[in-house]
Amino acid sequence: MHFSHILSSPLIVDSPSPSSSSSSLAVPCFFSPTSLKSSSASLPATYFHRYSHPRSLASSLAAVMFPENSVLSDVCATGISGVVAFSCLGFWGEIGKRGIFDQYVLSDLGTEHRLKLIRKLVHINIGLVFILCWPLFSSGLQGAFFASLIPGLNIIRMLLLGLGVYQDEGTIKSMSRHGDRRELLKGPLYYALSITSACIFYWKTSPIAIAVVCNLCAGDGMADIVGRRLGTKKLPYNRNKTIAGSIGMAISGFLASVAYMFYFASFGYIESSGWGMILRFFIISVASALVESLPISTDIDDNLTVSLTSALVAIELLESRLAFRSTSLLSDVCATGISGVVAFSCLGFWGEIGKRGIFDQKLIRKLVHINIGLVFTLCWPLFSSGLQGALFASLIIGVNIIRMLLLGLGVYQDEGTIKSMSRHGDRRELLKGPLYYAIAVTLACIFYWKTSPIAIAVVCNLCAGDGVADIVGRRLGTKKLPYNRNKTIAGSIGMAIAGFLASVAYMFYFASFGYIKNSGWDMILRFFIISIASALVESLPISTAIDDNLTVSLTSALLGTLLF
């Protein structure tokens, strides 16, 4: 973590007094606070993501115990929390010694692995129980450091056990995959380091800490349990992971995050902003589950990748506008990295689907057409709002333009991508429709960006509208258009509806961040007109003769310019 970021942490002060004045931030943040309290003029400029509240000090259980002596209060809180945490560890250690939860044997490509349910129960339980104790501590840096002593001692314990300095059979059995003490120097050590870092750097007044701990503990823990017991279908891009496990992780991390959001909000440590914050926790959990499913998480360790993903996504959307105010370049670089992983993971996913022939060639091509642009646009709030942010975001699709050129020209081969993006499996097709598609999305990003409804209209009618038109037309279309026998009435209606609904959905999405003004039915009507016009132009013979990726994009942009 950047040193200036640490120095700017509001943990250097305790909870502000009730008399503090409030100020609003006109900056779209991931967890947008309704108001922030400032306790002194010396408070750092980046004091914005801790939702300090007048109730927080009064609600603190530690303050109730010893309101006149915060050090004694935190010492007692450390003792109580330590007893709770190490009692949990002792409990699971005894369970491990007695073998109450049987080991089970799985075979993966002929190799037997002895695994235990208890290991993942410990993984889920310890971190979640620990943060339940955070309200016992004071709200400032002192309280955070006292609380961090508990997982900090566990870091030392993992090191001593892993290095063989002392033995504890129950702990080793309950925290390792194969009963090898050296395993404690990897996953369990990273787990303790992640929770300790979340405690020190974010503490109980930041939703980032909730996101990190809940996705690491509840999310990653349930991914393994659900995947091994219910997962029958492997992920096409990682045969070590299952679809059920990834879904289970996203749901568990999300539900735990929401539960702890309400828990800390009840003490006044954070402002619960209802559905807005719930939606943002959902996005973080989905991103964490996606990264956990990638081969890199197996190669490194998912305790690291999940924690880093949760923290980076939340930081980008919660803190980047102010925490990196003087280094917005760093903010956009991080956003590009996260968005690039998401976009190219989607491409990799559809590429694997294409290789395995799971869907019909034409269907998968349109599923890629719908998916890629819409997922990319979902990542736009990660970037800054100016030209710099737009240019960095456009690099992701810009790289794909170069990729289409190289594949189409035969400079290198990628069978899965060619099958998933072409009509007949011919690489030269990538130099037409797929290339025009990438160029259109890139131009919408650069010239209109996330503050313009025109960008929404272009992307949604191109991706959702044009993609659904082909799928609906081929499956439900029986009546051809009288002026174009290559198109159907059902396809054109499907395009108009899909483009319109996607536009309205993204209108609300970007309005929730404050990027565009949601003008209700007036803007909805304009989106409807654009979608109807785009569907009409797509149905004309000229769209077949040229390419509908071009005609639909141009129609949406030109009409959007007139209406908005």
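In this report, we go over the structure that sits alongside the text. (Residues numbered from 1 in each chain as written. Predicted model: local features only at pLDDT ≥ 70, side-chain atom pairs only at ≥ 80, totals over all residues. Heavy atoms only, no water.)

Scanning the model with the defined rule gives 23 aromatic pairs in all. Aromatic side chains W380 and W449 sit 5.1 Å apart centroid to centroid with 45° between the ring planes, which places their arrangement in the tilted category. You can see W380 sitting in the loop between α16 (361-378) and α17 (387-408) and its partner W449 sitting in the loop between α19 (433-447) and α20 (453-476), a full 69 residues away along the chain. Measuring from ring centre to ring centre gives 6.1 Å for Y506 and Y509, while their planes differ by 75°; the resulting arrangement is edge-to-face. (Phe/Tyr/Trp six-rings, centres within 6.5 Å; stacked < 30°, edge-to-face > 60°. Helix = DSSP H or I, 4+ residues; strand = E, 2+ residues; numbered from the N terminus.)

For N215, the position within the fold is in helix α9 (residues 207-230). Separated by 3.0 Å, the side chains of N215 and S285 make a polar contact. (Polar contact = N/O pair within 3.5 Å; in protein donor to acceptor, adjacent residues only side chain to side chain.)

Approximately 880 Å³ is the volume attributed to the second largest pocket. Lining the second largest pocket are 29 residues; nearest its centre among them are V286, A287, L290, V342 and V375. Those elements that place two or more of their residues in the lining of the second largest pocket are α10 (243-266), α11 (275-293), α13 (302-318), α15 (328-356) and α16. Counting residues per element, the lining of the second largest pocket draws most heavily on α11, at 8 residues. (1 Å grid on protein atoms, 1.4 Å probe; cavity = no way out; pocket = protein on both sides within 12 Å on 5 of 7 lines; lining within 4 Å. Points joined across faces, edges and corners; volume = space filled by probe spheres on them.)

Attention shifts here to the pairing of strand β6 (residues 238-242). Direction of pairing for strand β5 (residues 234-235) relative to β6: antiparallel, over a ladder of 2 bridges. Residue pairing in the sheet places L235 in a bridge with N238 of β6. Connecting β5 to the next strand, β6, in antiparallel fashion are 2 residues. (Pairing = 2+ DSSP bridges.)

Remark: α20 packs on helix α22 (residues 521-539), axes separated minimally by 10 Å, with the N-to-C direction vectors making an angle of 45°. Considered as vectors, α20 and α22 are oriented oblique to each other. Our pair here, α20 against α22, has a crossing hand that is right-handed. Where α20 abuts α22, its residues P453, I456, A457, N461, D466 and A469 lie against M523, F527, I530, S531, S534 and E538. Class assignment for the residues of the contact of α20 with α22 results in 7 nonpolar, 3 polar and 2 charged. (Axes fitted to C-alpha atoms, helices over the stretch in contact; angles between N-to-C directions. Parallel < 35°, antiparallel > 145°, perpendicular 65-115°, else oblique. Left-handed = near helix turned anticlockwise from the far one by under 90°. Contact = heavy atoms within 4.5 Å. Nonpolar A, V, L, I, M, F, W, Y, C, P; charged D, E, K, R; others polar.)

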